[in-house]
Amino acid sequence: MLYRAPRGTSDILPKEQAYWRYIEQKVAEIARLYGYERLDAPVFEDTGLFARSVGEDTDIVTKEMYTFEDRSGSSLTLRPEGTAPVCRAYLEHGLYNLPQPVRLYYIASIFRYERPQAGRYRQHYQFGYEAIGDDDPALDAEIIDMAWQFLLSVKLRSLSLQLNSIGCQKCRPKYVAALKAHYAKHANDLCPECKTRLGRNPLRLLDCKKPSCRQIANSAPKSIDYLCHECDEHFNRLKGYLKILSLPYAVNHHLVRGLDYYTRTVFEIQPEGGGTQSTIVGGGRYDDLIGELGGKPTPAIGFAAGIERIILNLKKQNVAVPPLPKPQVFIAYLGEEAKEGALKLASSLRQTGIGVTKALGSKSLKAQLRQANSLGAAYAVIIGEQELKAGTVILRDMSSAEQETIPARELAGRLASLHS
Ligand code: HAM
């Protein structure tokens, strides 16, 4: 073998596709139920879009982006997340002229140069929902409700919903200063990475999983104690709405998220007992992002979920997903003349909407039926020289092995009635 899929990527083989279809259908169904429309953005964007939105000092921008120059020297980046492209498209196509908020969703491949491990890949797939153009905390509740209802609809259980508010431009500087002062007192006990974070991105210190850093985080000031009046009210109203919707959230004072664009509400959903590595859903408000990308200040909120991580959890929880449809009919034949008849028959059946897989070559009837069986075909149609002359076919029910001879012209009607 000369080549393998690049490290951190994988092929989604036919036997895995039932999980993917199951999730994609639920994504579209939740979108329908809540009134979200699909938007597909390009796989790559100007590098500046992500540097500006995700944040120059984040792990994603400093070490994880797949950035390249194209032949004209433009710097492009394979999307490392889906929110910034949606905001760029919102501005580029004047979606602010539509009634607000604009409710959008996507299913997209995402690229991050991370250290691959279970549930962490260099190419993975996310779906996300974004609601742009309203700051009502009821919209935050709608988005969180969608994430929760989605996971219930795919039948995942034992989930934990974590919530926090990290304030706005007005109140966050005071909080960050208090956080810095707290961590400065313990600077000697911080891990090397957190020592550099202290100067650049102090909020992320709360996120560190090293035991010594965790201990310092436990006594750190909490963002919700520093919220301005407006942010405090927003958070309280959101919590009220979540209670009305019976969503079982827990406020997590250490929840800050790994992208810089968040304001006010942030939330994550994890399987109970799982760490950050197993986070399935992440999201929050990003009220300043559209403004930073050159638009008028426009509040917005959204979330994204990793499809591979959902599938890992479906398997862990033994959730059975509906199988994909098998071929309806397998056509077997005996002899060269019958082969030509089979070719014509397959073509005319397909034109009436019946799915047909046809035998090839000159295998024995036994071998052909074995193939029909392993493909999971419901029926086999058998043609030999004799049937060809008589204008008949043999119709075989693959599960009962019962077979009967019927006129060829009645076949399409019979198969259609058997299928419905
Ligand atoms: P994120 O938390 O970076 O947020 O990613 C969202 C989800 O994608 C994660 O919760 C996880 O399930 C999955 N994920 C992330 N990285 C990987 C990886 N390397 N391998 C497998 N799965 C992964 C965002 O990207 C934001 N754009 C979410 C958002 C939407 N915020 C507002 N709107």
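So, here is what we can say about the structure in this document. (Residues numbered from 1 in each chain as written. Predicted model: local features only at pLDDT ≥ 70, side-chain atom pairs only at ≥ 80, totals over all residues. Heavy atoms only, no water.)

Focus on the sheet that holds strand S16 (residues 403-407)
Reasoning step 1: The sheet built from five strands is open, its strands ordered S13-S12-S14-S15-S16 with mixed pairing. Edge positions in the sheet fall to strand S13 (356-358) and S16, since each has one partner strand and no second. Sheet twist, expressed as the average angle between the axes of neighbouring strands with direction ignored, equals 30°.
Reasoning step 2: Pairing of strand S12 (residues 329-333) with S13, which is carried by three bridges, proceeds in the parallel orientation. (Pairing = 2+ DSSP bridges. Helix = DSSP H or I, 4+ residues; strand = E, 2+ residues; numbered from the N terminus. Axes fitted to C-alpha atoms, helices over the stretch in contact; angles between N-to-C directions.)

Observations concerning the pairing of S12
Reasoning step 1: Within S12, five of the five residues are buried, which leaves the element mostly enclosed by the surrounding structure.
Reasoning step 2: On S12, burial covers both faces: Val 329, Ile 331 and Tyr 333 on one face and Phe 330 and Ala 332 on the other are all buried.
Reasoning step 3: Since S12 and S13 lie parallel, the crossover through helix H12 (residues 336-351) that links them has a hand, and here it is right-handed.
Reasoning step 4: Where S12 lies against strand S14 (residues 379-383), five bridges are found, and the strand directions are parallel. Note on S14: the bridge partner recorded for Val 329 is Tyr 379. (Buried < 20%, exposed > 50% of the residue type's maximum accessible area, 1.4 Å probe, protein only. Right-handed = clockwise from strand over helix to strand, strands pointing away.)

Regarding the packing of aromatic side chains
Reasoning step 1: Throughout the structure, instances matching the rule amount to 13 aromatic pairs.
Reasoning step 2: Seen in terms of ring centroids, Tyr 90 and Tyr 96 are 6.1 Å apart; in terms of plane orientation they differ by 70°. Their pairing is edge-to-face.
Reasoning step 3: Of the residues examined, Tyr 90 reaches a relative accessible area of 1% and is grouped as buried.
Reasoning step 4: Given a relative accessible area of 43%, Tyr 96 falls into the partly exposed group.
Reasoning step 5: Look at Phe 127 and Phe 150: their rings are 4.6 Å apart centre to centre, the planes differ by 50°, and that puts the pair in the tilted class. (Phe/Tyr/Trp six-rings, centres within 6.5 Å; stacked < 30°, edge-to-face > 60°.)

Quick notes on the sheet that holds strand S2 (residues 44-46)
Sheet strands associate in pairs through backbone hydrogen bonding, adopting either a parallel or an antiparallel arrangement.
Reasoning step 1: Taken together, three strands build an open sheet; the order of strands is S2-S4-S3 and the sheet is antiparallel. Only two strands of the sheet have a single partner each, and these edge strands are S2 and strand S3 (67-69). Across this sheet, the average inter-strand angle for adjacent strands is 35°, counted without regard to direction.
Reasoning step 2: In this structure, S3 lies alongside strand S4 (residues 75-78), joined through three bridges in antiparallel fashion. Across the sheet, Phe 68 pairs through a bridge with Leu 76, a residue of S4.
Reasoning step 3: Sheet strands touched by helix H2 (residues 47-54): S2, S3 and S4. Its angle to S2, the strand with the most contacts, is close to 80°. (Contact = heavy atoms within 4.5 Å.)

Keep in mind that these numbers describe shape and distance, not what the molecule does.
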